[in-house]
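# Inside the fold
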Amino acid sequence: MIQIKNYINGQYCDPTTHSWLDNYNPSTGEVYSQIAESTSDDIQSAYEAAKAAFPSWSQTPIEERSRILLKIADLIEANLDNLAEAESKDNGKPLSLAKAVDIPRASANFRFFGNAITQFASEAHESVGRNTMNFTLRQPIGVVGCISPWNLPLYLFTWKVAPAIAAGNCVVAKPSEVTPMTAYLLGDILSQAGLPKGVLNIVHGSGPSAGQAIVKHPDIKAISFTGGTKTGEHLARTAAPMFKKLSLELGGKNPNLIFADCDYDKMLAVTVKSSFANQGQICLCGSRIYVEESIAEQFKKDFVEKVSKMQVGNPMDSNTNLGALVSKPHMEKVLSYIDIAQKEGGKLLHGGNRVIVPGFEEGYYVEPTIIAVDTNDCTIQKEEVFGPVVTIATFKTEEEALALANDVRYGLSATLWSKDLDRTMRISKKLEAGIVWVNTWLNRDLRTPFGGVKASGVGREGGFEALRFFTEPKNVCITYNES
Ligand code: NAD
């Protein structure tokens, strides 16, 4: 059985404890590999490798850093098929999605930050009349920690490590223990690309052990984390008294506001995706649909009809729209939310059950599920399910739609469907969200700031925001004589 080892100082190695965790294939429910169960000793080894690499890597010319990042991007692209298969097997997502989105985006992350670093500049402020010039040095922080979740494994792992190393830092990174495979495979690619040893160290293991050891390490000065809000709270409690720089990308409960004056067909097609892409396990999925009353009945009918045609099944099958959920506990959590929603008055319009797929009976499949609700005051409207479950509620006015959308502790993204430009501007300004999509969804330009407000996080990733996070600005103030 394949062993998912740590990649420290440019080499694969066993965890110091020599203990391993089981890694499941969600489509079959079988254990198919073993994951290094790392502890603080492994994090210390990774830290020491990173620390030793830092003086040289931080002084490596930007063109050279960029060249290596672009090479990594090329190699990910060249390994598209292998990586996509590995991602699909490890996560349960349709292979077609891993091929079209996850792996191309992992490559794009390295390409984007490999290019962005060559354009990254800092400010100068001339204090006119005082013979003084200020400029800002943006220096890499040193050794930084990156911790990522299971829903978009290589996509989100690389979204953090690429800007971190582009900016000249050395990294101790931990992918989710639920989906470690593609980060493990990345080690070989890093070696092939000639990334100097110790620049990026990949350590596997559980959150409370390996993850916590990264956050607690006194000399890992910044932590970039994506994951659940509860974990984020815990992380912040550990890191804040140590005055670490923190970027937290957390959960969401995103509204999808549909007005009667929208482009109906486009809205319908995109809403199917924004509800159920990746089995609804994308932090940006629009899990709370609010539709204007005048079109609500029509919408419910058309939406249910489209969703009922979606195929749930073997992720490797090209006809599959929804693969398996990532794990058994997660599937059970999703099913329990469906149950709670009905007990609290929600009306099931479609789905609601586990699916037993012939030949894959032990896999973790759940039907795409649609629940009608008539209040925001219920668990399913307040808590993140992170599965193939959406609710539909109605509104009468723009004000009501906005109030319902903002009536939640989260604030990651929002989607808005209307042809009325004035309305879309008014609402976009008032939505409590880090990202607003108008007449589109998951339409990403990597230069834009990415992140949430309220319980969805602190800080922004993407573009120069990520490079700013991974550098420390230093003001240098120089006076000079005119003569
Ligand atoms: P999670 O919080 O359980 O785990 C995320 C990562 O944190 C994993 O690598 C895990 O091992 C690690 N971890 C867990 N406990 C830790 C601890 N005490 N110290 C340090 N690290 C620890 O999240 P998950 O279940 O893997 O992912 C799903 C969540 O991620 C959802 O809430 C989703 O909304 C969120 N998410 C957010 C974004 C975003 O950009 N805002 C993107 C994707 C996913």
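Residues numbered from 1 in each chain as written. Predicted model: local features only at pLDDT ≥ 70, side-chain atom pairs only at ≥ 80, totals over all residues. Heavy atoms only, no water.

Inspection of the region around the ligand gives 30 residues, with Lys-174, Glu-177, Thr-231, Leu-250 and Glu-384 positioned closest. In the model, an oxygen atom of the ligand is placed 2.8 Å from a nitrogen or oxygen of the Ser-148 main chain. Protein contacts shield 89% of the accessible area of the ligand, which totals 840 Å² for the unbound molecule. Mapping the ligand onto the cavity grids shows that it belongs to the largest pocket. Of all the secondary structure elements, the ones that give two or more residues to the shell around the ligand are α7 (207–216), β11 (222–226) and α8 (229–239). Of the residues forming the shell around the ligand, the biggest block, four residues, is contributed by α7. (Near = heavy atom within 4 Å. Polar contact = N/O pair within 3.5 Å; in protein donor to acceptor, adjacent residues only side chain to side chain. Areas by Shrake-Rupley, 256 points an atom, 1.4 Å probe, with all protein chains shown as cover. 1 Å grid on protein atoms, 1.4 Å probe; cavity = no way out; pocket = protein on both sides within 12 Å on 5 of 7 lines; lining within 4 Å. Sits in = over half its atoms within 2 Å of the grid points. Helix = DSSP H or I, 4+ residues; strand = E, 2+ residues; numbered from the N terminus.)

Let us look at the side chain of Ser-275. Considering the arrangement of structural elements, one finds Ser-275 in helix α9 (residues 264–276). According to the relative accessible area criterion, Ser-275 is buried, its value standing at 1%. At 2.6 Å, the side chain of Ser-275 and the backbone oxygen of Thr-271 are in polar contact. Non-local contacts of Ser-275, meaning those with residues more than four positions away in its chain, are made with Gly-280, Cys-285, Gly-286, Ile-289, Phe-303 and Val-390. (Buried < 20%, exposed > 50% of the residue type's maximum accessible area, 1.4 Å probe, protein only. Contact = heavy atoms within 4.5 Å.)

This part takes up the side chain of Ser-148. Tracing the backbone shows Ser-148 in the loop between β8 (143–147) and α5 (153–166). On the accessibility criterion, Ser-148 (5% relative accessible area) is buried. Ignoring anything within four residues of it in the chain, the contact list for Ser-148 reads Leu-156, Phe-157, Lys-174, Pro-175, Ser-176 and Thr-226.

What follows covers unusual backbone geometry. Not every positive phi belongs to a glycine, and Asn-9 is a case in point at roughly 55°. Position of Asn-9 among the secondary structure elements: in the loop between β2 (6–8) and β3 (11–13). Residue Asn-9 is classed as partly exposed on the basis of its relative accessible area, which comes to 32%.

Between helix α13 (residues 398–406) and helix α14 (residues 421–430), whose axes approach to 11 Å, the crossing angle comes to 30°. In terms of axis orientation, α13 runs roughly parallel to α14. The chirality of how α13 crosses α14 is right-handed. Residues Glu-398, Leu-402 and Asn-406 of α13 pack against Arg-423, Arg-426, Ile-427 and Lys-430 of α14. Along the lines of polarity and charge, the residues of the contact of α13 with α14 split into two nonpolar, one polar and four charged. (Axes fitted to C-alpha atoms, helices over the stretch in contact; angles between N-to-C directions. Parallel < 35°, antiparallel > 145°, perpendicular 65-115°, else oblique. Left-handed = near helix turned anticlockwise from the far one by under 90°. Nonpolar A, V, L, I, M, F, W, Y, C, P; charged D, E, K, R; others polar.)

Leftover empty space is mapped by rolling, across the atoms, a probe with the size of a water molecule. Its volume calculated, the largest pocket comes out at about 1,000 Å³. For the largest pocket, the lining is made up of 41 residues, of which Trp-150, Gly-227, Gly-228, Thr-229 and Thr-231 are closest to its centre. At the level of elements, α7, β11, α8 and α11 (328–343) are the ones that each hand at least two residues to the lining of the largest pocket. The element that contributes the greatest number of residues to the lining of the largest pocket is α8, accounting for six residues. Split into classes, the residues belonging to the lining of the largest pocket amount to 16 nonpolar, 15 polar and 10 charged. Taken as a whole, the second largest pocket encloses approximately 460 Å³ of empty space. Among the secondary structure elements, those contributing two or more residues to the lining of the second largest pocket are α4 (95–119) and α9. (Points joined across faces, edges and corners; volume = space filled by probe spheres on them.)

Moving on, we get to the pattern of salt bridges. Applying the stated rule across the entire model yields 20 salt bridges. We note a salt bridge from Lys-174 to Glu-177, for which the minimum N-O separation is 3.2 Å. By relative accessible area, which is 2% here, Lys-174 ends up buried. Asp-261 serves as the salt-bridge partner of Arg-423, at 3.3 Å between the closest nitrogen and oxygen. One end of the pair, Arg-423, is in helix α14; the other, Asp-261, is in the loop between β13 (255–258) and α9, and 162 residues separate them in sequence. A network of salt bridges, in which partner residues are shared, links Asp-261, Glu-398, Arg-423 and Arg-426. (Salt bridge = Lys/Arg side-chain N within 4 Å of Asp/Glu carboxyl O.)

Time to look at the packing of helix α2 (residues 62–78) against helix α6 (residues 181–192). Close contact between α2 and α6 brings their axes to 9 Å; oriented N to C, the two are set at 130°. Relative to α6, the element α2 is oriented oblique. Crossing angle aside, the handedness with which α2 passes α6 is right-handed. Contact residues: Lys-71, Ile-72, Leu-75 and Ile-76 in α2; Leu-186, Ile-189, Leu-190 and Gln-192 in α6.

So, on to the nonpolar core. The biggest cluster of nonpolar side chains holds 115 residues, and the ones touching the most others in it are Phe-110, Phe-113, Leu-186 and Phe-303. Here this core takes 10 residues from α5, the largest share from any one element. With sequence-adjacent residues up to four places away left out, Phe-110 is seen in contact with Leu-69, Leu-70, Ile-72, Ala-73, Ile-76, Thr-158, Val-161, Ala-162, Ile-165 and Leu-186. Within the second largest apolar cluster, 28 residues are counted, among which are Phe-259, Ala-393, Ala-414 and Ile-427. (Core = buried A, V, L, I, M, F, W, Y, C linked by side-chain atoms within 4.5 Å.)

Within a beta sheet, neighbouring strands are joined by backbone hydrogen bonds and run either parallel or antiparallel to one another. The three strands lie next to each other as β6-β7-β25, forming an open sheet whose pairing is antiparallel. Each having just a single partner strand, β6 (124–127) and β25 (471–479) make up the two edges of the open sheet. Going from strand to strand, the sheet's axes swing by 20° on average, the running direction of each strand aside. Bridge count between strand β7 (residues 132–140) and β25: nine bridges; the pairing is antiparallel. Paired with Phe-135 across the two strands is Val-476, which belongs to β25. (Pairing = 2+ DSSP bridges.)

It is worth spelling out empty space enclosed by the protein at this point. Tallied over the full model, the rule gives five cavities of 30 Å³ or more. Of the voids in this model, the largest cavity is the one considered here, and its volume is about 100 Å³. Looking at the largest cavity, it is lined by 16 residues, and the ones nearest its centre are Gly-280, Ile-282, Cys-285, Ser-287 and Phe-386. In the lining of the largest cavity, the residues fall into seven nonpolar, seven polar and two charged.

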